[in-house]
Amino acid sequence: MAKLLLSSGQVSIIFSAAIIFLFTFALFLSGYVLQQRYVHSLQAAIKPRLPKPLPVPKPIEPPTLDVKWARPMGGRPKVDESVDQMIAGETLDWSRLGYVQVVKEHVEVCSALMLLSDLHEKKSPAKKILMFPRVWLRNVDDEEYDAQMSTTRRLLRTAVRRYGVTLAPMETIVDGADDSLPSSYSLASLYSLTNYERLVYLQGPGVLLDASALDSLLAFSTSEAMAAFPATAERRELSTSLLLIHPSRESFQQLKETRMATPVADLALFRQTFAAPESLISEWSLSMGNVVYESQKLRGTMDGFNASEFRAATTYVRLSDPELPGPEYDVPYTDRMRLRPKEGQAREAWERLYEQFRQRRMEVCGLDLEPWVRSAVGIAGAADEAAGEL
Ligand SMILES: *[C@@H]1O[C@H](CO)[C@@H](O)[C@H](O)[C@H]1NC(C)=O
């Protein structure tokens, strides 16, 4: 039988060896933990960040901007001095630049929302603002259920949640006017948005084909009270199809007073207040192509018109054909056939624009076209009825 006998000297040697081993191990362990931590923080630093759930609109990079707008041949009128810095890669405060839509009645809400959603989808970095009568925010009793109002509220919520739109309730232009009448409101209320340096207003309904030219216009222009799209090529009067404005308390007050003295429509009010050609967008700024185009002009095109070239050169098409009630209405096929452009390519462009509008209306607003009854009274009645079904 073998006996394991250890002297006290041997025990103490084994004991000290164990202690040394333990200490060494503890030292190794703490070193390992420290090293792992270091490696983790290194990995974290090297690893690409996770994409943010909602990309914050970033200033557009110079290559995205249409450089032609900033660097015209020859003279360069009315361009902000900061352009050179911006081209050099510096940023611009896009939170003070915006696109604004103004709705005075329920039937206009969807088209305004569609335009803002187009800008959202084309990734414009500017703010999107929707002005509407403040009275729409008033709570109504449940027994007085209003179908139009409920559609409007749904669309306003969609505007905020899905397209990041800022809602801006507006007052009647003349204090104390009947706030239930669309005619009590005015485009002049644009000038009350003094938090913004420059705003672009587009007259709807229409289809936005490209946002970069408008973004460039917003970014590179100097701030002036009014720079409007000219009514005609002769540049004698302004139109309200596209406005680039610098809101200010003074302009707002002036417009309000003029409007209070004479109850005129917006176009007349602006023509009275802002002289042409000083208050028109410079010819140079409009030389880039069709910034604003009216669909009815497609009926006057010549042979050789090219639909894809047209779309590439056009920023915004306002869908306006005088015989038609608007793209929101379902016009019978025979009427459309009679009115559409005769020339093949122009007809293709025209029909595609109306069809694009119809599809976007469903996608953005969840609304079908309104039935069209061929009389002014009929149109209003049909619109009410259609809204009533929702
Ligand atoms: C229109 O223009 C594009 C490009 O410029 C060209 O590829 C196309 O063939 C043209 N179409 C017609 C019908 O001329």
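Labelled according to an unreviewed UniProt entry, the chain appears under the name Glycosyltransferase family 8 protein, originating from Massarina eburnea CBS 473.64.

Observations regarding the pattern of salt bridges
For the structure on display, the rule yields 17 salt bridges. In this structure, Glu237 engages Arg271 in a salt bridge whose closest nitrogen and oxygen atoms are separated by 3.6 Å. Taken together, the positions of Glu237 in the loop between β6 (226-230) and β7 (238-245) and Arg271 in helix α8 (residues 266-273) put the pair 34 residues apart, joining distant regions of the chain. A relative accessible area of 40% places Glu237 in the partly exposed class. Arg358 is paired through a salt bridge with Glu355; the nearest N and O atoms lie 2.9 Å apart.

Quick notes on unusual backbone geometry
Negative phi values dominate among residues other than glycine, just as trans dominates among peptide bonds. For the bond from Gly204 to Pro205, the omega torsion is -10 degrees, close enough to zero to count as cis. Counting through the fold element by element, Pro205 comes out in the loop between β4 (198-202) and β5 (206-208). For the bond from Ala276 to Pro277, the omega torsion is 5 degrees, close enough to zero to count as cis. Summarising the element assignment, Pro277 is placed in the loop between α8 and β8 (290-294). A positive phi angle is found at Lys123, which is not glycine, with a value near 60 degrees. Turning to its location among the elements, Lys123 is positioned in the loop between α4 (109-121) and β2 (127-133). Overall, Lys123 belongs to the exposed group, its relative accessible area being 65%. At Arg235, a residue that is not glycine, the phi angle is positive and equals roughly 60 degrees. Structurally, the position occupied by Arg235 is in the loop between β6 and β7.

A word on the site of the ligand
Around the ligand, the surrounding shell consists of Asn306, Ser308, Glu309 and Gln345. The separation between an oxygen atom of the ligand and a polar side-chain atom of Asn306 is 2.3 Å. Between Glu309 and the ligand, the recorded distance is 2.8 Å, taken from a side-chain N or O atom to an oxygen atom. When isolated, the ligand has an accessible area of 360 Å², and the protein chains bury 32% of it.

What about helix α5 (residues 147-163)?
Over its 17 residues, α5 runs 23 Å from end to end, which matches the ideal 24 Å to within 8%, given 1.5 Å per residue. Within α5 the residues assigned to the buried category are Ala147, Met149, Thr151, Thr152, Leu155, Leu156, Thr158, Ala159 and Tyr163. Sitting at the amino-terminal end of α5 is Asp146, which places a side-chain oxygen 3.0 Å from the backbone nitrogen of Gln148. Count one or two residues on from α5 and you reach Gly164, which has phi positive near 60 degrees.

Let's talk about the packing of α4 against α5
Orientation of α4 relative to α5, taken along the N-to-C sense of each, is 5 degrees, at an axis distance of 10 Å. In this view, α4 runs roughly parallel relative to α5, as classed from their interaxial angle. Within the contact between the two elements, α4 uses Val109, Cys110, Leu113, Ser117 and His120 and α5 uses Thr152, Leu155, Thr158, Ala159, Arg162 and Tyr163.

Quick look at the pairing of strand β9 (residues 314-318)
Of all 5 residues making up β9, 5 are buried, and the element is well covered by its neighbours. Of the strand pairs in this sheet, β5 and β9 are connected by 3 bridges, and their pairing is antiparallel. Considered in β9, the bridge of Leu208 is made with Tyr316. As paired strands, β8 and β9 are joined by 4 bridges and run parallel to one another. Residue pairing for β9: Tyr293 is matched across the bridge by Val317.

Rules and cut-offs
Residues numbered from 1 in each chain as written. Predicted model: local features only at pLDDT ≥ 70, side-chain atom pairs only at ≥ 80, totals over all residues. Heavy atoms only, no water. Salt bridge = Lys/Arg side-chain N within 4 Å of Asp/Glu carboxyl O. Helix = DSSP H or I, 4+ residues; strand = E, 2+ residues; numbered from the N terminus. Buried < 20%, exposed > 50% of the residue type's maximum accessible area, 1.4 Å probe, protein only. Near = heavy atom within 4 Å. Polar contact = N/O pair within 3.5 Å; in protein donor to acceptor, adjacent residues only side chain to side chain. Areas by Shrake-Rupley, 256 points an atom, 1.4 Å probe, with all protein chains shown as cover. Expected span 1.5 Å × (residues − 1). Axes fitted to C-alpha atoms, helices over the stretch in contact; angles between N-to-C directions. Parallel < 35°, antiparallel > 145°, perpendicular 65-115°, else oblique. Contact = heavy atoms within 4.5 Å. Pairing = 2+ DSSP bridges.

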